[in-house]
Amino acid sequence: MNQIIAPIMAPIPVRASSSDDPAELLRFAIDAHGVGAAALATLVEIRGGAARALGAHVAVAADGRFCGYVSGGCVEAAVASEALLAMAEGHDRTVKFGEGSPFFDIVLPCGGGISIAIHVLREVAALQHVLDRLRRRRAAGLVYSPARQTIEPVGPPPRACWLGREFVGVYRPRTRVVLSGQTIEAQAVARLAEASSYDVIVREQGEKGRVAADTIDPFTAVVLLHHDLDAEAAILETALASPGFYIGALGSTRTHRRRIERLTAMAFAEDDIRRIKAPIGLFGPTRDATSLALSVLADIAAARLVAFA
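What counts, and where the lines are drawn
Residues numbered from 1 in each chain as written. Predicted model: local features only at pLDDT ≥ 70, side-chain atom pairs only at ≥ 80, totals over all residues. Heavy atoms only, no water. 1 Å grid on protein atoms, 1.4 Å probe; cavity = no way out; pocket = protein on both sides within 12 Å on 5 of 7 lines; lining within 4 Å. Points joined across faces, edges and corners; volume = space filled by probe spheres on them. Helix = DSSP H or I, 4+ residues; strand = E, 2+ residues; numbered from the N terminus. Nonpolar A, V, L, I, M, F, W, Y, C, P; charged D, E, K, R; others polar. Pairing = 2+ DSSP bridges. Buried < 20%, exposed > 50% of the residue type's maximum accessible area, 1.4 Å probe, protein only.

Undergrad: Would you explain empty space enclosed by the protein in this entry?
TA: It is the rolling of a water-molecule-sized probe over the atoms that shows where space remains empty. Applying the stated criterion across every chain, the model contains two cavities of 30 Å³ or more. Here the largest cavity is characterised by a volume of approximately 130 Å³. Contributing to the lining of the largest cavity are 14 residues, with Thr42, His57, Tyr144, Ile151 and Phe167 lying nearest its centre. Those elements that provide at least two residues to the lining of the largest cavity are strand 2 (38–47), strand 6 (113–120), strand 7 (140–145) and strand 10 (166–171). Looking at the lining of the largest cavity residue by residue, the classes come out as nine nonpolar, five polar and no charged. Looking at the second largest cavity, its volume works out to about 80 Å³. As for the second largest cavity, its lining consists of Leu229, Glu232, Ala233, Leu236, Glu237, Arg259, Arg262, Leu263 and Met266. Those elements that provide at least two residues to the lining of the second largest cavity are helix 5 (229–240) and helix 6 (253–265). The leading source of residues in the lining of the second largest cavity is helix 5, at five residues.

Undergrad: Could you clarify how one ought to interpret the pairing of strand 4 (residues 65–68) in this entry?
TA: In the case of a regular strand, side chains alternate between the two sheet surfaces. As paired elements, strand 1 (residues 14–17) and strand 4 share three bridges and run parallel to each other. Among the inter-strand pairings, Ser17 is bridged to a residue of strand 4, identified as Cys67. Both strand 3 (residues 57–61) and strand 4 contribute to a ladder of three bridges, which runs antiparallel. Residue pairing for strand 4: Ala59 is matched across the bridge by Cys67. Hairpin remark: strand 3 followed by strand 4, antiparallel, with three residues in the connecting loop; positive phi at Gly64, about 100°.

Undergrad: Would you mind going over unusual backbone geometry with me for this structure?
TA: In this structure, Pro279 follows Ala278 across a cis peptide bond, with omega equal to -5°. Turning to its location among the elements, Pro279 is positioned in the loop between strand 15 (276–277) and helix 8 (289–307). Of note, the phi angle at Ser197 is positive, near 65°, even though the residue is not glycine. For Ser197, the position within the fold is in the loop between helix 4 (184–195) and strand 12 (199–203). By relative accessible area, Ser197 is classed as partly exposed at 42%. At Ala267, a position not held by glycine, the phi torsion is positive, near 75°. Counting through the fold element by element, Ala267 comes out in the loop between helix 6 and helix 7 (270–273). A relative accessible area of 69% places Ala267 in the exposed class.

Right under this line is the structure:
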């Protein structure tokens, strides 16, 4: 009597998290690899428009759980399915979606196309290297070789890109916001910044508010929300001597002219003074704390995109 062998059913992809934080995705991949198998899918080509930037990830566990985004959410389950097949076969693969793709039933809303490189993780030391760098608030890079089917640490490039036949991704620490002010506006900015998963540091006014020089790194925005120029003086001096990508200060155009006069008298260079965004915010003037907080955080997000485009 012939024995009928039932086919092995592949796991059904299930989103495990809505996060798109690179550190959380890499940590998910490391944990999944530790208890079974995992794959890291990376956006390596954009044809036309796209919802995500080159280097965006989806991390997939062997049990079907996945997290991350390489689009606006329309292809991630399909990417996870391809990653499960790659894990079952033990080989990396590259898959196209949207324009130029064999999957005619998967259409990207933007009308463009994307290519996703799926790497079956053999070891996670390179991912751990990135997490260690990010923990110390240092940028990191990974180079993926489709030919060798490997990922290795590399010095971070200015932006994710192909170098020859290898794809190099860049990882940067999350935005830090150093906030000074004892106003309702400062409280609103702190709440929204924390809700946006920013690293928020609140300082007092005056000399007590002076921060250590290494607190304000290249991935830090300094927000001064005082109604008195004397109260902001100490932290503003530290900020101007720092590599922070954003310095914003509360006050009218007239107040900022007084600020410039004070800083000029203190021998600060014009280029340094021009780093100050004042009046603060992307839009304004505003008349309530919540609107100001939205304006400030939108300005910070826009400035970071420009600084690390």
